[in-house]
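Structural features, examined
Listed below, chain by chain, are the residues.
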Amino acid sequence: NTYPTRGLKNLLAHVCARLSSSGGEVAAIFRLDTTYGGGKTHALIALLHAARGMDSVGNVAEFIDAKLIPKSKVRIAAFDGENADPANGRHMGEDVYARTPWGEIAYALAGKAGYERVRKSDELVSAPGSDTIRELFGGEPTLILLDELSVYLRKVHNLPNARDQLTAFLTSLFKAIESTPNASLVYTLAIGKD
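So, here's what we can say about the structure. The model shown is predicted, which means the values in this text are computed figures rather than measured ones. (Residues numbered from 1 in each chain as written. Predicted model: local features only at pLDDT ≥ 70, side-chain atom pairs only at ≥ 80, totals over all residues. Heavy atoms only, no water.)

Position of Ser-184 relative to the elements: it lies in strand β6 (residues 183–190). Taking the relative accessible area as the measure of exposure, Ser-184 reaches 0% and is therefore buried. Of the polar contacts made by the side chain of Ser-184, one reaches the backbone oxygen of Ala-28; its length is 3.1 Å. (Helix = DSSP H or I, 4+ residues; strand = E, 2+ residues; numbered from the N terminus. Buried < 20%, exposed > 50% of the residue type's maximum accessible area, 1.4 Å probe, protein only. Polar contact = N/O pair within 3.5 Å; in protein donor to acceptor, adjacent residues only side chain to side chain.)

Next up, the structure:
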């Protein structure tokens, strides 16, 4: 339940065009940077609905041209730095406790088998490479949402190499997304006084 602003409609159109492989020269990576309360969460939720086909949305035309909505299944992973638990691991299901963003994303995209593919990277807090990340897409349209990375960075402040490995992971993730025509990444950056 949100208002279809021009910015939100543009974001939905660009991301869905990318997921449908009809984006042409559309960017693969989008950064949402606003002040707290600026609508970032609403945008991420709207993207989830769009990637899932907008089935539960009654007024689709107010938000997006229905022709842009992906027709095939989209693999979706959302990482929330506020709820991440780098010290204890976040329970993902199937006895999987992911400690890193890449562990959570791997599980979300490809289940337990996806997590097993990056388990060692997750346990060692060592970022996987872009080819390994791209494997998790399984050749299907893929949407990755990253929220509250700054909160995650505060959580890993005292963990050895965690900040550097996040940078290495983001570099590999961006490369994997940009080299995959039907993949898109949206991340948030809250702008505050500090």
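Turning to the packing of aromatic side chains, a few remarks are in order. In this structure the tally under the stated criterion is three aromatic pairs. Relative to Phe-169, the ring of Trp-102 has its centre 5.1 Å away and its plane inclined at 45°; by these criteria the two rings are tilted. Pair noted here: Trp-102 is in helix α4 (residues 101–124) and Phe-169 is in helix α7 (residues 162–178), with a separation of 67 residues, a long-range link. Summarising the burial analysis for this pair, Trp-102 and Phe-169 share the class buried. (Phe/Tyr/Trp six-rings, centres within 6.5 Å; stacked < 30°, edge-to-face > 60°.)

Inside soluble globular proteins, nonpolar side chains tend to come together where they are buried. In terms of nonpolar packing, the biggest core is built from 29 residues, with Ile-105, Phe-137, Ile-144, Leu-146, Phe-169, Leu-173 and Ile-177 touching the most fellow members. When contributions to this core are tallied by element, the ones reaching two or more residues are β2 (75–80), α4, β5 (142–147), α6 (149–155), α7 and β6. Tallying contributions element by element places α7 first for this core, with seven residues. Beyond its immediate chain neighbours, meaning those up to four positions away, Leu-146 contacts Phe-79, Ile-105, Leu-170, Leu-173, Leu-185, Val-186, Tyr-187 and Thr-188. Judged by nonpolar contacts, the second largest core, of 25 residues, contains Leu-47, Met-54, Val-74 and Ile-76. (Core = buried A, V, L, I, M, F, W, Y, C linked by side-chain atoms within 4.5 Å. Contact = heavy atoms within 4.5 Å.)

Next up on the list: the pairing of β2. Burial runs high along β2: five of the six residues are buried. Across six bridges, the pairing between β2 and β5 is parallel. Bridge pairing links Arg-75 to Thr-142 in β5. (Pairing = 2+ DSSP bridges.)

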